[in-house]
Each structure stands twice: as C-alpha cells, then as structure tokens.
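Results of the structural survey
Here is what each chain is made of, one letter per residue.
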Amino acid sequence: PPNKRLAHLIQGLEAKALRAAFTLYPDNIMLLMHDGFVSTRQLEIPLIEKAIYDETGLKLEIEHKIIQLPADYDL
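Here the structure is a predicted model, which means the values were calculated and not measured.

When a protein is soluble and globular, its nonpolar side chains tend to lie buried together. Counting residues in hydrophobic clusters, the biggest one holds nine residues: Ala17, Ala20, Ala21, Tyr25, Ile29, Leu43, Ile48, Ala51 and Ile52. Listing elements by their share of this core, those giving two or more residues are helix 1 (2-24) and helix 2 (45-56).

Spelled out as structure tokens, the structure:
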C-alpha cells in the first residue's frame, strides 16, 4: 500500500541522514536511534545539516539538547 511505501522511503532517508552525521563524527556519536543520535560532546550542527543535505538533498534542521550527567555518574 502507498502508506507503507512512504514509510519505507522515509526510513531510508532517516538512515542516510544518520549515516552522514556518523561519517563526520564517528568517534563522538555513541548511539544511533531511528531519528536521532547521542554524542559525547556538542557537535557542529551546521556542518551536520550540510552533510545531510549533500547525502539526501533534504534541508533538515537538527534539534539538540545537552544532557548533564550527575558528577558522580560512573561511565
């Protein structure tokens, strides 16, 4: 059905976008999720958005949030 084809196409574009980000920061991106990622430090968002555009042709804007771990958190 058309809705399943569309979902499949969107998932493929999400995967390409994540791959573009990971290619730029393979040492800093620790977790890839279906529509985002987790990094060990703040990354250069405009650089990632450009890489995503180059890879997919889509102008996607990345939202980011800094999560502060407690000082006694043991990685």
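That shown, we press on.
Let us now look at the pattern of salt bridges. By the definition in use, this model includes one salt bridge. Linking Asp54 and Lys50 is a salt bridge whose minimum nitrogen-to-oxygen distance equals 2.8 Å. Of this pair, Asp54 and Lys50 both sit in helix 2, four residues apart, which is roughly one turn of that helix. No difference in accessibility class separates Asp54 from Lys50, as the two residues are exposed.

Moving on, we come to helix 2. Its twelve residues place the ends of helix 2 16 Å apart at the C-alpha level, agreeing with the 16 Å of an ideal helix rising 1.5 Å per residue. Within helix 2, the full set of buried residues consists of Ile45, Ile48, Ala51, Ile52 and Thr56. Buried residues of helix 2, seen end-on, are gathered within an arc of 125 degrees and therefore sit on one face of the element. Along helix 2, exposed side chains directed more than 90 degrees from the buried face belong to Pro46, Lys50 and Asp54. In this structure, the buried residues of helix 2 make contact with helix 1 and strand 2 (36-39). Looking one or two residues beyond helix 2, the residue adopting positive phi is Gly57, at roughly 80 degrees.

Let's shift gears to the pairing of strand 1 (residues 29-33). Here strand 1 pairs with strand 2 via four bridges, running antiparallel. In the strand pairing of strand 2, Ile29 is matched with Ser39. Linking two consecutive strands that pair antiparallel, namely strand 1 and strand 2, is a turn of two residues.

This part takes up a nonpolar patch on the surface. Residues Met30, Leu31, Met33 and Val38 make up a contiguous nonpolar surface patch of roughly 350 Å² in combined accessible area. When residues in the nonpolar patch are grouped by element, the largest group, three residues, is from strand 1. Position of Val38 relative to the elements: it lies in strand 2. Residue Val38 is classed as partly exposed on the basis of its relative accessible area, which comes to 37%.

With that out of the way, let us pick up helix 1. Taking 1.5 Å of rise per residue, the 23 residues of helix 1 would be expected to cover 33 Å, and the 34 Å separating its terminal C-alpha atoms lies within 8% of that figure. In the core, the buried residues of helix 1 are packed alongside strand 1, strand 2 and helix 2.

Analysis parameters
Residues numbered from 1 in each chain as written. Predicted model: local features only at pLDDT ≥ 70, side-chain atom pairs only at ≥ 80, totals over all residues. Heavy atoms only, no water. Core = buried A, V, L, I, M, F, W, Y, C linked by side-chain atoms within 4.5 Å. Buried < 20%, exposed > 50% of the residue type's maximum accessible area, 1.4 Å probe, protein only. Helix = DSSP H or I, 4+ residues; strand = E, 2+ residues; numbered from the N terminus. Salt bridge = Lys/Arg side-chain N within 4 Å of Asp/Glu carboxyl O. Expected span 1.5 Å × (residues − 1). Arc of directions from axis to C-beta. Contact = heavy atoms within 4.5 Å. Pairing = 2+ DSSP bridges. Patch = residues over 30% accessible without salt bridge, like charges linked within 9 Å, V, L, I, M, F, W, Y side chains within 5 Å. Areas by Shrake-Rupley, 256 points an atom, 1.4 Å probe, with all protein chains shown as cover.

What is shown is where atoms sit, not what they do.
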